[in-house]
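Commentary on secondary and tertiary structure
Listed below, chain by chain, are the residues.
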Amino acid sequence: MLRQVLHAGLRTSFHALGRFVASHPVFFASAPVLLSILLGASFSRYRVEEDVESLLAPKHSLAKIEGNLVDSLFPVNRSKHALYSDLQTPGRYGRVIVTTRKGSVLDPVHLDTILKLHRQIYQMQVTVPATGLNSYNYSFSYLCLPDDKNICIIDDIIRAMEEIQSARASNRTVPILRYPITQLADGRQAYIGHQLGGVQGWARGEGVRSARALQLTYYLQARGSLMDRVAGQWENAFCAELQTFAALHPKLGLYPSTSSSLRTDFQFSSVLARRPLLASLGACGVLAILCCSMRDCVRSKPWLGLLALLSITLSGLTAAGILNLTGATYNSSYLGIPFVMLGHGLFGSFEMLSSWRRTREDQHVKERVASVFEDVMLRFSGSTMLHLMTLGLAASPLTNMEAVRLFCRTAALAVAISYVYMLSFYSSCLVFTGYLETGYRHGCFCRRVPKPDRLDSKPAWYRCLMYTRYQDETANTDHHHPPDSHLLLGCVRRCYGDWITNTYVKPFVVLLYLVYISFGLMGFLQVTQGSDPSALVAMDTATVLYTRAQQRYFSSYSPVIGFYIYESAPYWNASVQRDLLEYAKGFQRISWLEAYLNYLSDRNQSTSQPRENFTHTLRHSFLREPQFAHFADDIIFAERGQGEEPDVAASRLFLVAKTTENKREEMSVLLDTLRRLSLTSRVRFLIFNPSFVYLDRYAAAVSSPLRHSLLAVLFLLGLSSLAVVEPLVSVWLGLTLLSVQFGVLGFMTLWGVELDCMSVLCLISALGHSADCSGPLLCGFASGRGDSRTRWVRVALERHGVPSLQTLICYGAALVPVGSVRSNLTSTLFRCLTLTAGCSALHTLAFLPTLLTFLPPSKSRGHGPEGEGQRQEVECVEMNDSTRVVDQITTV
């Protein structure tokens, strides 16, 4: 009874709202346009997001806390001897991978060319500002990070190559270059595993025989806004210099990367997608016009298709204006928002048009619009609520991925505005076209159509163009069987409805659903997480080319992992020494502790000494040796008191693991293993590498908003079944959403899409899209009383399946141009949205119509739903004898 009271109250309210909109169509048509124009003027405040790491990395993670602690203990400018390109990444840098088309980078010709490139980069200058009297020239020597002798820190491989060049020039024996740890001329051991790639060694382990690639990194300081701007211009000049050098030396391949490459290439997807998005809008507009057209020129409403797109465009412009005024920034993940709006808005417009065509033509336009609101707006408001619930919860602080949170917040705002504009702008356009129809004016040219007796004297093409049915003709025809003027409606009524509910077709549909579930399960079991940011940038960009070269030539070893002991520990204790050596066992390592213990052993001193002796020898003997002086960067001493030796307050070691092709997966496993070890160790330590920021809890951060949204939808459906929706409708809709979600997730994995932030955004929006398509069909079937299941399945397909089909046709046409964009981000978007549309279409047009013919809810004998008496019964279809037999068997 409560459900009936609420239904009646809501339908009455929407009826009154429809009458009010129909009474003031000019206001409701002009207000959204004026508001959109005013807010669209705010695009002067358009800003692009600069910090890509904050978008694509989990917002709250242990790795970020560890990174802050590491920066406070060992800032990058504290290192005065050596830097590791994949461990210490300052704010600004330039990096290049040099490969050879043939031969080795250590061959004399290539080695000389690479050192020449190094000197050119070292001497390269940028002028800031570009013109004026206050211009200054800045070279790398001014911007670089200096060592203890105030000389720029350069990669150790450069020193090794200069030693090889010098030895060849003076006809001396070329020093042996070992891999991955080599010894330099000053006796210092240096790790070059991340600087030399594609290495082949001699059979007896006598050093490096050849290497296919070389990686160089140039670190810059960015002190203040001016120096940051200078460093940014130096990075641009760095890329330009490499491009010029590559053109002059075709035997070498150069793959540059800078601190701004990821941001530039991530946002470049938006630039590439501009024209395809316009093409999508055009293709969708053409098909929307065709879907709204009929043979009857008066009842045909082609302009409503374009006006629906205009309503969606105006709502998007309004939402963008609000974002600009609130200071929000844009990023390339927002490319999916127009398709969320398009799917929801088109479905609402086609539902309203379908309902309009079922109203009585002898009623006044205001009554017909009010009847459309009463029939459609309750379902459309429910699907909008589902959209807002899924997107709103994913936009809450519970979401740990900033890109997902910002996308869902913006999409929820756009969907809400689109709903309001559909109630106002599109509905007022429906009123205007209704008056044209009442006056028997052409739906396209707005010209009054002459009566049949005057058309007989016109040419055939004119009679075809001006074909319509006047009311007196309609009254003489069978009231229950008006001619089919709409192609899709005629196909569904006369062909598809009978075919999909046929006894011999049902087993094949059920078998198709089992195949669907099987392939979905196969893909679901193979889901992989995509934590690599380079998978979300435009193709053929510097980031992608650099990443491919790095994976090809530098995948033998993991990035350098910092092993940081952040509390004072008794390093002189033999058991502590054994523990630390055991932790580093199996890694390639650069360890001050191991070098110091070997130093003591070589001098026949005990490694287990009193604290004062251990620390005194470390400070005054070991660290003053030239080959060990660089370890001073890795130890922090804390004063104890006057006359006492200081404590080792903190220290660090460097570890490198041997890896295979699955480098990121192995790094994630290594991170978890060492973290568990740190919880039980007597020595307090942490491990860190900048890539851990993307790996740490990435799977949970990506999947949690999807789980929250799905649970919120199921909770909303369960709650609404108590008072608003019939319980079985909620159950069916919940199962449909789960089935669509399961299928999209499985099939996108089989299509090569990983579970990253972009695919999760599509999965979240898929909940609302599938509810748009299948919800009205289920409600229409459940509202029927009397007759058979088969009859009401056909009625629901005619009333709500046709709008779903029209939406899916226009939506699919809009997706096609996006698939041509050369971007990994838009490729993921295209595949996921295509699967969403396909799975929703299968459920709405095939699976549900078949399953509802023999599964609950049952059809009890009774009268039709309230309000149906005022609508033309265009759905009645004569059933043949075989169908009656099938219905009797189904009932039994």
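Being a predicted model, the structure only gives us computed values, none of them experimental.

Some remarks on the packing of helix α12 (residues 337-357) against helix α14 (residues 402-438)
- Here α12 crosses α14 at 30°, and the two axes come no closer than 9 Å. Judged by the angle between their axes, α12 and α14 are roughly parallel. For the crossing formed where α12 meets α14, the hand is right-handed. When α12 is examined against α14, the residues Ile337, Val340, Met341, His344, Gly345, Ser349, Met352, Leu353 and Trp356 are found in contact with a partner set consisting of Phe407, Thr410, Ala411, Ala414, Val415, Ser418, Met422, Tyr426, Ser427, Leu430, Gly434 and Glu437.
- Per-class residue counts for the contact of α12 with α14 are 13 nonpolar, seven polar and one charged.

Focus: the packing of aromatic side chains
- This structure, assessed with the given rule, holds 33 aromatic pairs.
- Each ring, one from Tyr122 and one from Phe140, has its centre 5.4 Å from the other, and the planes form 65°; the classification is edge-to-face. Pair noted here: Tyr122 is in helix α5 (residues 108-123) and Phe140 is in helix α6 (residues 140-143), with a separation of 18 residues, a long-range link.
- The class of Tyr122 is partly exposed, set by a relative accessible area of 26%.
- Taking 5.8 Å as the distance between ring centres and 65° as the angle between the ring planes, the aromatic pair formed by Tyr179 and Tyr557 counts as edge-to-face. Taken together, the residues span a long stretch of sequence, with Tyr179 in the loop between α7 (156-169) and β4 (181-183) and Tyr557 in the loop between α20 (542-553) and β9 (561-565) at a distance of 378 residues.
- Clustering of aromatic rings is evident, with ring pairs tying together Tyr596, Tyr599, Phe614, Phe622, Phe628 and Phe631.

Some points on the state of the cysteines
- Inspection of every chain in the model, using the stated rule, returns one disulfide.
- In this model, Cys144 is linked to Cys152 through a disulfide, with the two sulfur atoms separated by 1.9 Å. Note on the Cys144 and Cys152 pair: the S-S dihedral is about -75°, so by sign convention the disulfide is left-handed.
- With no disulfide of its own, Cys284 has Cys810 as its nearest cysteine by sulfur position, at a separation of 4.8 Å.
- Taking the relative accessible area as the measure of exposure, Cys284 reaches 1% and is therefore buried.
- Its sulfur unpaired, Cys491 is 5.8 Å from the next cysteine sulfur, which belongs to Cys495.

Observations concerning helix α2 (residues 25-40)
- Between its first and last C-alpha, α2 extends 23 Å over 16 residues, near the 22 Å set by a 1.5 Å rise per residue.
- Listed as buried for α2 are Pro25, Phe28, Ala29, Pro32, Ser36, Leu39 and Gly40. In an axial view of α2, the angular spread of the buried residues amounts to 120°, which keeps them on one side of the axis. Residues of α2 that are exposed and point more than 90 degrees away from the buried face comprise Val26, Phe27, Leu34, Ile37 and Leu38.
- Where the residues of α2 are buried, they touch α1 (2-23), α11 (302-325) and α14.

Concerning helix α9 (residues 261-272)
- Here α9 contains twelve residues, and its C-alpha end-to-end distance of 16 Å stays within 8% of the 16 Å for a straight helix at 1.5 Å per residue.
- Every buried residue belonging to α9 is among Ser261, Leu262, Asp265, Phe266, Gln267 and Ser269, and all of these are buried.

Rules and cut-offs
Residues numbered from 1 in each chain as written. Predicted model: local features only at pLDDT ≥ 70, side-chain atom pairs only at ≥ 80, totals over all residues. Heavy atoms only, no water. Axes fitted to C-alpha atoms, helices over the stretch in contact; angles between N-to-C directions. Helix = DSSP H or I, 4+ residues; strand = E, 2+ residues; numbered from the N terminus. Parallel < 35°, antiparallel > 145°, perpendicular 65-115°, else oblique. Left-handed = near helix turned anticlockwise from the far one by under 90°. Contact = heavy atoms within 4.5 Å. Nonpolar A, V, L, I, M, F, W, Y, C, P; charged D, E, K, R; others polar. Phe/Tyr/Trp six-rings, centres within 6.5 Å; stacked < 30°, edge-to-face > 60°. Buried < 20%, exposed > 50% of the residue type's maximum accessible area, 1.4 Å probe, protein only. Disulfide = S-S within 2.5 Å. Expected span 1.5 Å × (residues − 1). Arc of directions from axis to C-beta.

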